[in-house]
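Coordinate inspection notes
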Amino acid sequence: MGAFSALVLAAATIVAASGPAAAEEESGYTVVLKDNVTNVDSTAAAQEKKYGFTLSSTYEHGLKGYSGTMTSAEQAELGADPAIAFIAPERKFTLADDEADGPEPPAVTGFLPTWWLRVGGTEEEAADNGTEISVNTAVIDSGIDSSHPDLNVVGGVDCSSGTAVEVTPVDRNGHGTMVAGVIAAKNNTFGVIGTAYGAPLWSVRVMTDSGTISEAALLCAADWVVSTRTDSDEQNDIQVANISIGGPGQDQGPCGKGVDPLHQMICQGVEQGITWTVAAGNAAADLATTVPATYDEVLTATAMADYDGRPGGRATPICSGGSVPSADDDFANFSNFATQAADQQHTVAGPGVCITSTYPGGLYNTAHGTSFASPAVAGSVARCIYSGVCQGGGSSVMQQFLAAVEQYNNEEPRFGFTGDPLRPASGQYFGYLTTSTLGF
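The model shown is predicted, which means the values in this text are computed figures rather than measured ones.

**Here's the deal with the pairing of strand β10 (residues 201-205)**
Of all five residues that make up β10, five are buried, and the element is covered over most of its length. Neither face of β10 is left uncovered, since the one carrying L201, S203 and R205 and the one carrying W202 and V204 both have all their residues buried. Where strand β7 (residues 137-141) meets β10, five bridges bridge the pair, whose relative direction is parallel. Bridge pairing links I140 to V204 in β10. Across five bridges, strand β8 (residues 153-158) lies against β10 in parallel orientation. Paired with V153 across the two strands is L201, which belongs to β10.

**What to know about the nonpolar core**
Among the nonpolar cores identified, the biggest contains 103 residues, and I140, V204, V206, L218, V225, W276 and F401 are the most heavily contacted of them. The leading source of residues in this core is helix α7 (residues 215-227), at ten residues. Those residues in contact with V225 that lie beyond four places of it in its chain are A138, I140, V204, I238, A241, I274 and W276. Of all hydrophobic cores here, the second largest spans 14 residues; its members include V31, V37, F53 and L78.

**Regarding the packing of helix α6 (residues 175-184) against helix α10 (residues 370-387)**
Where α6 meets α10, the axes come as close as 7 Å, and the angle between the chain directions of the two elements is 35 degrees. The two elements α6 and α10 meet at a crossing, and its hand is right-handed. From α6, H175, M178, V179, V182 and I183 reach across to α10, where they touch S371, F372, P375, A376, A378 and G379. Split by residue class, the contact of α6 with α10 holds eight nonpolar, three polar and no charged.

**Some thoughts on the state of the cysteines**
Enumeration according to the criterion identifies four disulfides in this entry. Each disulfide pairs two cysteine sulfurs, and for C384 the partner residue is C390, the sulfurs being separated by 2.1 Å. Handedness of the C384-C390 disulfide follows from its S-S torsion of about 75 degrees: it is right-handed. What makes C390 buried here is its relative accessible area of 2%.

Thresholds, definitions, all that
- Residues numbered from 1 in each chain as written.
- Predicted model: local features only at pLDDT ≥ 70, side-chain atom pairs only at ≥ 80, totals over all residues.
- Heavy atoms only, no water.
- Buried < 20%, exposed > 50% of the residue type's maximum accessible area, 1.4 Å probe, protein only.
- Helix = DSSP H or I, 4+ residues; strand = E, 2+ residues; numbered from the N terminus.
- Pairing = 2+ DSSP bridges.
- Core = buried A, V, L, I, M, F, W, Y, C linked by side-chain atoms within 4.5 Å.
- Contact = heavy atoms within 4.5 Å.
- Axes fitted to C-alpha atoms, helices over the stretch in contact; angles between N-to-C directions.
- Left-handed = near helix turned anticlockwise from the far one by under 90°.
- Nonpolar A, V, L, I, M, F, W, Y, C, P; charged D, E, K, R; others polar.
- Disulfide = S-S within 2.5 Å.

Shown next as structure tokens:
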């Protein structure tokens, strides 16, 4: 009986092997075209027809290229086309948040968040209802609730499909609206106050309704942001763009030429005058394996904890009624950090624990993560630009900002936190604490 069973199994194996081969699985790829290609759309369409893959998105401002799904055989054949610079497999990205404590009802009078006070905000400034910081800032995220009364949302696009579509901005997740509030919630008589309060915000949605973020969506977002610097409308020029999102990858050389389309896109944005702020990530690990955090051309934000709006480490770690494991005025225990010299040169810290900010539906929420340290840095950069301390192109603004923050921390040594360069953590570099007082 055992021999018969074995014979039947062998026969079945032979029959299966002689049947038609299974279709090869398709994967997502980003195709970067050579600079001499004059028309991206027509080139992409012709290549789709010739090689049989499925085209999904095209890009022409940050780089010339497109995204699509194809088999490995189609990818290999397409790679030999003389118009192709390189092809890279698509990566998956996620929001760089830690956890939220749940929505809270909106405040009926002005509320000064401890994180805002910690980076230089004062009660006098809040009472002054100061002039709005008129620096266009993009939030590449889950979207922004444009109906929130505490935010100045002036426009945006939905890139979640990989193609930019002009929309009335919405946020079905809440993350992007919180990021937006940290950057620019208005200085009015209710709600919270953002670092660059009242700044015009542009929503660039990259998260789908199901919560996924594709590389095609991020490339679409970066390409659209760059396009604002190259079109004829000077009113929409994005000067600061925040990405509180991360994915797997490494810095593979100058601007990722030949291997990394997202890095190449970021660099093109810097050349056009954009300063990028990004979250370091929340794995309590070296940020060298997270993109875009490890790119040399971005300001990468680590997170620190503060519970009373003042330095000194005296406050009890309590947030929204619950205890928090990170000590007051210490680096956040979840925050990624830099170890490599190249990464240390573009790393800066921001408050990232117990961050209260705007939330969809006219509400407010409290959450933790480098996701919320990054917009604190973005708002500080916007203020630096507005004051004239930071001038020039994207690279100049970034270097001037880092130098000014370092100078401020050294002149005010109590300003920082345990884990900064003046009080370093062994083998972990978190950078100097950002400040919103540059030039004010």
